[in-house]
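Listed below, chain by chain, are the residues.
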Amino acid sequence: MNGPQKGPKPMLMTKMTRISFLLGFMALLNMAAMAQNIIKGKVLGPNNQPVANATVGIDKTSRASKTNEKGEFSIAANKGETLLISSVGFITKQVKVGDQSTISVKLAQDEST
């Protein structure tokens, strides 16, 4: 009778297991780094009145949101991305996303319109 078939050497399996674990861990870290934060905020005009229906978008993406009647918005954004806030009659404002979870933006009147 022949003995049991020999498989890969245990040392090789250990290396393969470690490499698989490392690759999986790196993938999880990458996904966590790319996780988007929900940014909530308020858009106000020059006299601190809420700006309804302003567009809050992420520069160089198709992600955008609109403010409600209270000037409030919510949008998913990554740290380092730039919010573009615009509304008819106001000058567009850019705000860089950092670690904050809330943003208050004051738009200036566009005198050319």
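It should be emphasised that the depicted structure is a prediction, and the values quoted were computed from it without experimental measurement.

**Describing the environment of Ala 54**
Here comes step 1: Along the polypeptide, Ala 54 turns up in the loop between strand S1 (37–44) and strand S2 (55–58).
Here comes step 2: A relative accessible area of 0% places Ala 54 in the buried class.
Here comes step 3: Sequence-distant contacts of Ala 54, that is, excluding residues within four places in its chain, are made with Val 43, Ser 65, Lys 66, Thr 67, Ser 86 and Ser 87.

**Regarding the pattern of salt bridges**
Here comes step 1: Tallied over the full model, the rule gives two salt bridges.
Here comes step 2: Glu 81 is the salt-bridge partner of Arg 63, the closest N and O atoms lying 2.5 Å from each other. A residue pair is termed long-range when its members are at least 10 positions apart, and Arg 63 in the loop between S2 and strand S3 (64–66) and Glu 81 in the loop between strand S4 (72–77) and strand S5 (82–86) qualify at 18 residues.
Here comes step 3: For Arg 63, a relative accessible area of 24% translates into the label partly exposed.

**A look at the sheet that holds S4**
Here comes step 1: The three strands lie next to each other as S4-S1-S7, forming an open sheet whose pairing is mixed. Of all the strands in the sheet, the pair left with one neighbour each is S4 and strand S7 (102–106). Neighbour to neighbour, the strand axes of the sheet diverge by 30° on average, direction disregarded.
Here comes step 2: When S1 meets S7, the two strands line up parallel, connected through five bridges. By the bridge assignment for S7, Lys 40 is matched with Thr 102.

**Here we look at the side chain of Thr 82**
Here comes step 1: Among the structural elements, Thr 82 can be located in strand S5.
Here comes step 2: The exposure class assigned to Thr 82 is buried, which follows from its relative accessible area of 16%.
Here comes step 3: The contacts of Thr 82, once residues within four sequence positions are left out, are Gly 57, Ile 58, Asp 59, Gln 94, Val 95 and Lys 96.

The rules behind each value
Residues numbered from 1 in each chain as written. Predicted model: local features only at pLDDT ≥ 70, side-chain atom pairs only at ≥ 80, totals over all residues. Heavy atoms only, no water. Helix = DSSP H or I, 4+ residues; strand = E, 2+ residues; numbered from the N terminus. Buried < 20%, exposed > 50% of the residue type's maximum accessible area, 1.4 Å probe, protein only. Contact = heavy atoms within 4.5 Å. Salt bridge = Lys/Arg side-chain N within 4 Å of Asp/Glu carboxyl O. Pairing = 2+ DSSP bridges. Axes fitted to C-alpha atoms, helices over the stretch in contact; angles between N-to-C directions.

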